[in-house]
Amino acid sequence: MRPFGPEKSATFVQYWSVLWLTAAIALLGVAVEALAGYQAVGFLFLVHVMIAGLLFPLGPVLFSACLSALAWDLLFIPPRFKLSVSNSEDLMMLLAYVL
């Protein structure tokens, strides 16, 4: 865990780590979607962003939130592979990533 106090600047390795962690969550989401639906994958991405908020500075966390929202929207929300959200619940979940 990072100590309380002024934040240190983010490094390239932190951004790279967040990128691969988000990709791993997306792969895990494929299995979770088959069992529990695409909304459960959205919560999985949300937990990922919250844990990243505990471990990384603000820059990588915002990067993680944007990547997670983009990955969930493109890969899991129907219609797939399009940037469109038809349910208000899905839109609220996407907004929760950056709050």
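Note that the structure is predicted; figures quoted are calculated from it, not measured.

Conventions we followed
- Residues numbered from 1 in each chain as written.
- Predicted model: local features only at pLDDT ≥ 70, side-chain atom pairs only at ≥ 80, totals over all residues.
- Heavy atoms only, no water.
- Helix = DSSP H or I, 4+ residues; strand = E, 2+ residues; numbered from the N terminus.
- Rg over C-alpha atoms; globule rule 2.2 N^0.38 Å.
- Contact = heavy atoms within 4.5 Å.
- Areas by Shrake-Rupley, 256 points an atom, 1.4 Å probe, with all protein chains shown as cover.
- Lys, Arg positive; Asp, Glu negative; His and termini not counted.
- Charge placed at Lys NZ, Arg CZ, Asp CG, Glu CD.
- Buried < 20%, exposed > 50% of the residue type's maximum accessible area, 1.4 Å probe, protein only.
- Phe/Tyr/Trp six-rings, centres within 6.5 Å; stacked < 30°, edge-to-face > 60°.

Across its full length, the protein chain holds 4 helices and 0 strands. For the protein chain, the N- to C-terminal ordering of α and β elements is α-α-α-α. Whereas a compact globule of 99 residues would reach a radius of gyration of roughly 13 Å, the protein chain reaches 14 Å, a difference of no more than 12%. With respect to the three principal axes, the spread of C-alpha positions in the protein chain is 40 × 25 × 20 Å. Residue pairs in contact within the protein chain that sit at least 24 positions apart in sequence constitute 61% of those at least 6 positions apart. For the protein chain, the computed accessible surface area is about 6,400 Å², with 76% contributed by carbon and sulfur atoms. Computing the positive centroid from 4 side-chain charges and the negative centroid from 5, the protein chain places the two 10 Å apart.

Before going further, it helps to examine the environment of Gly 59. Looking at the element boundaries, Gly 59 is found in helix 3 (residues 58-75). The exposure class assigned to Gly 59 is partly exposed, which follows from its relative accessible area of 27%. For the pair Gly 59 and Glu 33, spaced 26 residues apart in sequence, the C-alpha separation works out to 29 Å.

Under the definition given, this model contains 6 aromatic pairs. For the pair Tyr 15 and Phe 63, a centre-to-centre distance of 5.7 Å together with 65° between the ring planes defines the contact as edge-to-face. Within this pair, whereas Tyr 15 is found in helix 1 (residues 12-36), its partner Phe 63 is found in helix 3, the two being separated by 48 residues in sequence. With a relative accessible area of 31%, Tyr 15 lands in the partly exposed category. Take Phe 63: its relative accessible area is 31%, and that puts it in the partly exposed class.

So, on to unusual backbone geometry. Where the residue is not glycine, phi is negative for most of them; where a peptide bond is considered, it is trans in most cases. The omega torsion across Pro 78 and Pro 79 is -5°, close enough to zero to call that bond cis. Along the chain, Pro 79 falls in the loop between helix 3 and helix 4 (88-98). Not every positive phi belongs to a glycine, and Phe 81 is a case in point at roughly 65°. Position of Phe 81 relative to the elements: it lies in the loop between helix 3 and helix 4.

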